[in-house]
Each structure stands twice: as C-alpha cells, then as structure tokens.
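Here is what each chain is made of, one letter per residue.
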Amino acid sequence: MTRQTGFRLVFLGTMAVCAMMLLVSLFPYDTQRLLLTESGPFEALSVVGYVICILLMFLLWPVAEVAGRWYLPVVLALFACRELDLDKIPFTEGLLKARQYTGDTVPTGELIWSGAILIGVVLTVLTLLIREIPGFFAKVFMARPACHAVLVGLLFIGMCKSIDGLERKLAPYGIDVSDGLNRYTQIVEEVGEFGIPVMFGIAIYLSAAALSYSDRRTDKHRNEQRA
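We now turn to the structure provided with this report. Treat the numbers as computed from the prediction; the structure is a model and nothing was measured. Every chain's residues receive numbers from 1 upward, in the order its sequence appears when written. In view of the model being predicted, local features appear only for residues whose pLDDT reaches at least 70, and side-chain atom pairs are presented and counted only at 80 or more, with totals across whole chains, interfaces and linings using the full set of residues. Hydrogens and water molecules were not included; the side-chain quantities draw on all heavy atoms of the structure.

As a further point, take the packing of helix α7 (residues 108-141) against helix α8 (residues 145-163). Where α7 contacts α8, the axes come no closer than 9 Å and their chain directions differ by 110°. The angle between α7 and α8 falls in the class roughly perpendicular. The two elements α7 and α8 meet at a crossing, and its hand is left-handed. Packed against α7, whose contacting residues are Phe-136, Lys-139 and Val-140, the element α8 presents Cys-147, His-148, Val-150, Leu-151 and Leu-154 at the interface. Classifying every residue of the contact of α7 with α8 gives six nonpolar, one polar and one charged. In this analysis an axis means a line fitted to C-alpha atoms, helices contributing only their contacting stretch, and an angle means the value between N-to-C directions, from 0 to 180 degrees. Helix and strand definitions here come from DSSP, where helices need a minimum of 4 consecutive H or I residues and strands a minimum of 2 consecutive E residues; each element is numbered from the N-terminal end. With respect to orientation, any angle under 35 degrees is reported as roughly parallel, any angle over 145 as roughly antiparallel, any angle of 65 to 115 as roughly perpendicular, and every other angle as oblique. Working rule for handedness: look at the near helix, and if it is turned counterclockwise from the far one by less than a right angle, call the crossing left-handed; if clockwise, right-handed. Note on contacts: a residue pair qualifies if any of its non-hydrogen atoms lie within 4.5 Å across the two residues. Residues are grouped as follows: Ala, Val, Leu, Ile, Met, Phe, Trp, Tyr, Cys and Pro are nonpolar; Asp, Glu, Lys and Arg are charged; all remaining types, including Gly, are polar.

Here's what the structure looks like:
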C-alpha cells in the first residue's frame, strides 16, 4: 500500500465519522435520544470497535509484534471496559475516583483489589507512553499514515473529554448551555467516541501493511545477498 493510499484511508475514516455526526444531528430528537442514550447503539458500537481492533492485531500482526507490544491490546481492552462503565459498576466509589482510596466508605478487601487494579492500569499506560511516544512523534513527522490515524483518534479522545459534561463544567462560571447546544455536544461526544476505535482500527491495518512491506523488502535484500 502506498503512502498516498494510506493517507486517503485516514481522510475517508475521519470524514465518515464527521458525516455521521452531521447525519445524527438531522434526525428527530426522539431518534437522537434513542441513539445517544447510555448503553445505546453508539456506545455498543464503540465497544465492538475496540474488540475488532484487538482482533485485528492478532490477525494482521506477527505474533512477536503483538507479544512485544502487549500493552496496546490491553489498553484497548481498558477502553472497552470504560465504555461499559466497568470502572464504576463493580466499585463503591469508582476505580478512578479519589474517594475510592481516601474515604471510609470502601471495605478493606475492595480497597486492596481495586488499588491493585489501578496500579496495573497505571503501569500499563506508563509502559505504553515510555515505549511508544518517542517513536510515535518521529513517525508523525515522517508522514507515516498509521501514526496520523492514531493522532486523529487521540484528537477525538481530547475533543470528547473536553465537551463531556459541558453544562456542568461551565456552570461554576455562570455560563448556561442551551438545550440545543447541549444536544449537539452530546452528538459530537457519542459519535466521536465511536470514531476513536474506527481510527485505531485503520491505524492497525495500515501498520500491518507497513510491516508486511518491510518484511518483503528484507526478504528481497536477503535473496539479493544470496544471489
């Protein structure tokens, strides 16, 4: 796959997510509410998207690549768990809430195993950042399509987190958010969250194509040396 084709795929994926936002905004209010509700279709699609991303890694990447970058499928699985609210449902206060560890409402046993899970999550994320960040930015400047797909996915994450609970965030400043704006931000948030695994899936596919191309070049070089 050429670099131009890869960037075209990244562009089409981004535009498809944006077009979906526009399409949902044109639906009647009741339809929007049905689609965007908690545990609704878009949230389910996001979970399915992360599962597909993990499967793509095991199907398209060499086993050694998956094993060496084990933290990537683990983080994707954590994203899926987050969509299913598994960071809240099994816990008294919430896995990522300070009250879970500083208050007196959590039983000792739960405090121990939730703390162990949190430490595992933090170590996994730190491992990802330490191993991937330096090479990632270098490849972004080298115009690698897979890295740009990841970058768009990260931008979707930042956008969704910044507008999540916008009305609540602006209330302390005396800013009222209209019902219409609140509805549109919800559309952008929910559809944007679905766009995250879409872009990550494109990145996994493009990186697999790049790995395959690299392997073919290595084999060709070895054959030339033998000849």
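We now examine the packing of aromatic side chains. Two numbers describe a pair of aromatic rings. These are the distance of the centres and the angle of the planes. Between rings of Phe, Tyr and Trp, where Trp is taken as its six-membered ring, a pair exists when centres lie within 6.5 Å; planes separated by under 30 degrees are stacked, by over 60 edge-to-face, and by other angles tilted. One pass over the structure, following the stated rule, counts six aromatic pairs. Aromatic pair Phe-136 and Phe-137: ring centres 5.4 Å apart, planes at 75°, arrangement edge-to-face. For Phe-136, a relative accessible area of 12% translates into the label buried. The buried label goes to any residue with under 20% of its type's maximum accessible area, the exposed label to any with over 50%, and the partly exposed label to all in between, with areas taken from a 1.4 Å probe on protein chains only. Given the relative accessible area of 42%, Phe-137 is considered partly exposed. Three or more aromatic residues joined by ring pairs form one cluster here, namely Tyr-50, Phe-79 and Phe-200. Two conditions define a charge located above a ring, namely a distance within 6 Å from the ring centre to NZ of Lys or CZ of Arg, and an angle within 35 degrees of the ring normal. The ring centre of Tyr-184 lies 5.6 Å from the NZ or CZ of Arg-183, which sits over that ring.

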